[in-house]
Amino acid sequence: DMSDVLLPPTKSIAMAKKRLEAMPCGGGSPLAHALQSAMLTGLNAQKTGDVGKVVIVCISDGRANVPLCVSMGEEFDPDADEDSKDGKPSRKY
C-alpha cells in the first residue's frame, strides 16, 4: 500500500476541486508514506521555482495502518514490534 499524489502543486482551485471529487476512498491508510511524499513533492516544487509557499492538505481517517516500511516495499516483521497483534503493527511502530 502506497500513497499517490492526486494533486500536484497548482494554483488552480478548479483542478483541486475536480481531483478532490474523484478522490478514491477505502482501503489501507499509508499515512507515513503520504506525509513523506507530500513533503518531497513540496520541496521539489520549491527547488524548481514552480511555487512559492507550500501548503499541504491532508485528508485522512487518522488511522495510519500501513507502516512506512511496507509502503517502501519491505515486509513488516511482527517480531520486531513487541506490541504487534495478529501480525499487525502496534500504534508505537
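These figures come from a predicted structure and were not determined experimentally.

A. Structural context of the environment of K17. Structurally, the position occupied by K17 is in helix α1 (residues 13-21). On a C-alpha basis, the gap between K17 and L68 in space is 28 Å, while along the polypeptide they are 51 residues apart. Within polar-contact distance, the side chain of K17 engages the side chain of E21 at 2.9 Å.

B. Quick look at a nonpolar patch on the surface. Taken together, the side chains of L20, V55, V57 and I59 make up a nonpolar region of the molecular surface, amounting to roughly 430 Å² of accessible area. Assignment of secondary structure puts V57 in the loop between α2 (31-48) and α3 (68-71).

C. Structural detail: the pattern of salt bridges. Evaluation of the coordinates by the stated rule reveals one salt bridge. Of the charged contacts, one joins E21 and K17 as a salt bridge, the two residues approaching to 2.9 Å between their closest N and O atoms. With E21 and K17 both in helix α1 and four residues apart, this pair spans about one turn of that helix. Residue K17 is classed as exposed on the basis of its relative accessible area, which comes to 53%.

Procedures and definitions
- Residues numbered from 1 in each chain as written.
- Predicted model: local features only at pLDDT ≥ 70, side-chain atom pairs only at ≥ 80, totals over all residues.
- Heavy atoms only, no water.
- Helix = DSSP H or I, 4+ residues; strand = E, 2+ residues; numbered from the N terminus.
- Polar contact = N/O pair within 3.5 Å; in protein donor to acceptor, adjacent residues only side chain to side chain.
- Patch = residues over 30% accessible without salt bridge, like charges linked within 9 Å, V, L, I, M, F, W, Y side chains within 5 Å.
- Areas by Shrake-Rupley, 256 points an atom, 1.4 Å probe, with all protein chains shown as cover.
- Salt bridge = Lys/Arg side-chain N within 4 Å of Asp/Glu carboxyl O.
- Buried < 20%, exposed > 50% of the residue type's maximum accessible area, 1.4 Å probe, protein only.

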